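What follows is each chain in one-letter form.
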Amino acid sequence: MLKVLVACGCGMGSSLMIKQNCQAVLKKMGVECSVDHSSIAEAKTAVNNYDLVVVAENFVKNLKVTGDTKIVGLKNIMNKKELQQKLEESGIGSAE
């Protein structure tokens, strides 16, 4: 099961919307997952506990990965098509 974290500035509104989109897209792709949401501040310390972290592009630079965690940055956090494309580009769904 893929462990996913989605994060936004405060960890409330935007991350909840990204979480719902992420769950829908991953389900469509046939990927079994658990998705949590948080603030970017919390994500900084938790990033390496997840297989995948999804954030707005402007937050990618704030996350330091030391393991195999994949980071996906979105230009439009509400665009499911962009999300699916970036997940596929990062290898999510192809070997799951």
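This text goes with the structure placed above it.
Below or above, wherever it landed, is the structure these notes cover. As the structure is a computational prediction, the values presented were derived from the model and not from experiment.

### Side note on the packing of helix α1 (residues 13-28) against helix α3 (residues 80-89)
Next up, step 1: Where α1 meets α3, the closest approach of the two axes is 10 Å, and the angle between their N-to-C directions is 55°. On the basis of their axis angle, the class for α1 and α3 is oblique. Relative to α3, α1 is oriented so that their crossing is right-handed. Listed contacts from α3 to Asn 21, Cys 22, Ala 24, Val 25, Leu 26 and Lys 28 of α1 are Lys 80, Leu 83, Gln 84 and Leu 87.

### Focus on the pattern of salt bridges
Next up, step 1: For the structure on display, the rule yields two salt bridges.
Next up, step 2: A salt bridge links Lys 86 to Glu 57; the nearest nitrogen and oxygen atoms lie 3.2 Å apart. Of this pair, Lys 86 sits in helix α3 while Glu 57 is found in the loop between β3 (52-56) and β4 (70-74), placing the two residues 29 residues apart along the sequence.
Next up, step 3: Assessed through its relative accessible area of 36%, Glu 57 is described here as partly exposed.
Next up, step 4: Residue Lys 86 pairs with Glu 82 through a salt bridge whose shortest N-O separation is 3.2 Å. Here Lys 86 pairs with Glu 82, and both are found in helix α3, just four residues apart, close to one helical turn. Both residues of the pair, Lys 86 and Glu 82, count as buried.
Next up, step 5: Linked through salt bridges whose partners overlap, the residues forming this network are Glu 57, Glu 82 and Lys 86.

Conventions adopted
Residues numbered from 1 in each chain as written. Predicted model: local features only at pLDDT ≥ 70, side-chain atom pairs only at ≥ 80, totals over all residues. Heavy atoms only, no water. Axes fitted to C-alpha atoms, helices over the stretch in contact; angles between N-to-C directions. Helix = DSSP H or I, 4+ residues; strand = E, 2+ residues; numbered from the N terminus. Parallel < 35°, antiparallel > 145°, perpendicular 65-115°, else oblique. Left-handed = near helix turned anticlockwise from the far one by under 90°. Contact = heavy atoms within 4.5 Å. Salt bridge = Lys/Arg side-chain N within 4 Å of Asp/Glu carboxyl O. Buried < 20%, exposed > 50% of the residue type's maximum accessible area, 1.4 Å probe, protein only.

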